[in-house]
Each structure stands twice: as structure tokens, then as C-alpha cells.
Amino acid sequence: MTHRIADLLRTAAATAVPLVRGTADDELGAATPCAEYDVRGLLNHLLLVVENFRLLAAKQPSDFSRQPDYLAEPDWRDRFAAEADALVAAWAAPGADEGTTGAMDLPARTVGAMVLLDLTVHGWDLARATGRPFAPDPVVVAELADEVARMAPMARKAGVFGEAVALPDDGVAASAFERLLATTGRDPRAWAAAG
């Protein structure tokens, strides 16, 4: 990665926050491309992610084992926006992307890339589940491409990524983002945006 994690997260959050804000209550039960979650589960996961990765930026302990229902609170949309802002600020702090962090003592930049990937890919999951367009910043996608390829074997072993999806050879060149999604186990063509 050549760009600062905080700058990339700011860009990804600027795409994710309006999607979360625009999610209607009657869409919470919809299926998502992430088979593990419906929309409600995905949003709860995203809130847990931004909260914990904010702690990891500060080299503090995180707890991904909790299963809070953030959406039981009426202000969950505003909370996500505030948590996303806090996440960006935490990763912008001096030293946040240096050294190691987390229970696995991973390089902090790798951990920052993980939350960047979550905001980006789960943003797409949410957009597709709710029938909205999604256009990630090309700089974010380019920065994630090598990280995703590198972390894919470990992520598959941990059950975080599904098996890579083979994109069809139908004469339509796959975009960089489609290739990234396919590496995470998602089929971007099956969940194509409505025309």
C-alpha cells in the first residue's frame, strides 16, 4: 500500500455511510451476497467491525466474539456514521499504521487493510442486497488488490473468504473490483446491479 490507511478509510467510509443511512427498515431481512448475513446481520457486523478496528488502530484489545444487536437502538444509522468517523480518526493518529496490533500480532498496515476491505466489500454486499449502485474508488480497489491476493489463503482457511469464484469467459473483461470480489468468494455477475 502506498497511500495512508486513514485516507483510504476516509474514502471507503464516504461510500459506505450513505448506504447504511439509506437502508430502510423493511430491507433488513433481505439476503446479501455474503451468505452468512441478511442485511440486519451485515449491518450489525459492520458496526462491530468499525468499533473493533478503531481499538486496533490504538493498539488496544478488541473483541470480535460479541454479538450485539446495534440495530435494536433507534439511532443505529447515526451511530455507524459516528463510528466510521472515529475509525478514520484512529487510523490517522501518529503511529497507528506502524508496528503490530491485534491478537495475531499482525502488521498494523495489514490490519488497516482488513477493515478497508470490510468497508468496501460489505458496502457492495449492502448495495446489492438493497438494489442500489456501488462504485468503489479505483484507488481503494487498486490498494486492496495485492493485499487481498496475499491474505486470501489465510482468510479461506479461517472461513473469512469463500472459495474464489471463476468469472465467466464471456468476452466481457472483468473489472479490477469484480476480480477482487471473486477472490473473496463472491460472484459479482450473479449479483449484478439492476439496469
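Above this text sits the structure in question.
Reading the values: rules and limits
Counting restarts for each chain, with residues numbered from 1 along the sequence as it is written. Under the rules for a predicted model, residues below a pLDDT of 70 receive no local features and side-chain atom pairs below 80 are neither given nor counted, while totals for whole chains, interfaces and linings still include all residues. Values shown for side chains rest on all heavy atoms present in the structure; no hydrogens or waters enter the calculation. Between rings of Phe, Tyr and Trp, where Trp is taken as its six-membered ring, a pair exists when centres lie within 6.5 Å; planes separated by under 30 degrees are stacked, by over 60 edge-to-face, and by other angles tilted. Strands are runs of DSSP state E lasting at least two residues, helices are runs of H or I lasting at least four, and both sets are numbered from the N terminus onward. When a residue's accessible area, from a 1.4 Å probe over protein chains only, is under 20% of the maximum for its type it is buried; when over 50% it is exposed; and in between it is partly exposed. Residues enter a nonpolar core if they are buried and are Ala, Val, Leu, Ile, Met, Phe, Trp, Tyr or Cys, with the set joined through side-chain atoms within 4.5 Å. The contact rule is simple, with two residues in contact once any of their heavy atoms fall within 4.5 Å. The span one expects for a helix is its residue count, reduced by one, times 1.5 Å. Fitting axes to the seven residues that end at a residue and to the seven that start at it, the angle between those axes gives the bend at that residue. Each reported salt bridge corresponds to a side-chain nitrogen of Lys or Arg within 4 Å of a carboxyl oxygen of Asp or Glu.

A. Fine view of the packing of aromatic side chains. For the coordinates displayed, the defined rule picks out 2 aromatic pairs. Look at Phe 53 and Phe 64: their rings are 5.5 Å apart centre to centre, the planes differ by 65 degrees, and that puts the pair in the edge-to-face class. With Phe 53 in helix H2 (residues 39-57) and Phe 64 in the loop between H2 and helix H3 (76-92), the pair connects residues that are 11 residues apart, well separated along the chain. By relative accessible area, which is 7% here, Phe 53 ends up buried. Seen in terms of ring centroids, Phe 134 and Phe 177 are 5.8 Å apart; in terms of plane orientation they differ by 35 degrees. Their pairing is tilted. Note that Phe 134 is positioned in the loop between helix H4 (108-129) and helix H5 (138-157) and Phe 177 in helix H6 (residues 176-183), a separation of 43 residues in sequence. Assessed through its relative accessible area of 12%, Phe 134 is described here as buried. Exposure remark for Phe 177: the relative accessible area of 11% places this residue in the buried category.

B. Structural view of the nonpolar core. Among the nonpolar cores identified, the biggest contains 59 residues, and Leu 9, Phe 80, Trp 91 and Leu 119 are the most heavily contacted of them. Counting residues per element, the ones that place at least two in this core are helix H1 (5-21), H2, H3, H4, H5 and H6. Discounting residues that sit within four places of it in the chain, Phe 80 has contacts with Ala 16, Val 17, Val 20, Leu 46, Leu 47, Val 50 and Leu 119.

C. Geometry of H1. Helix length check: H1, at 17 residues, gives a terminal C-alpha distance of 24 Å against a target of 24 Å (1.5 Å per residue), a fit within 8%. Remark: the principal bend of H1, roughly 25 degrees, maps to Ala 13. All of the buried residues in H1 are Ile 5, Ala 6, Leu 8, Leu 9, Ala 12, Ala 13, Ala 16, Val 17, Leu 19 and Val 20. Contact partners of the buried residues in H1: H2, H3, H4 and H5.

D. Molecular detail of the pattern of salt bridges. If you walk through the whole model with that rule in mind, you get 13 salt bridges. Among the ionic pairs, Arg 4 bridges to Asp 7, the shortest N-O distance being 3.6 Å. Overall, the relative accessible area of 42% leaves Arg 4 in the partly exposed class. In this structure, Glu 83 engages Arg 79 in a salt bridge whose closest nitrogen and oxygen atoms are separated by 4.0 Å. Taken together, the positions of Glu 83 and Arg 79, both in helix H3 and 4 residues apart, correspond to about one turn of that helix. Judged by relative accessible area, which is 12%, Glu 83 ranks as buried. A residue is classified by how much of its surface remains accessible, and Arg 79, at 32% relative accessible area, is partly exposed.

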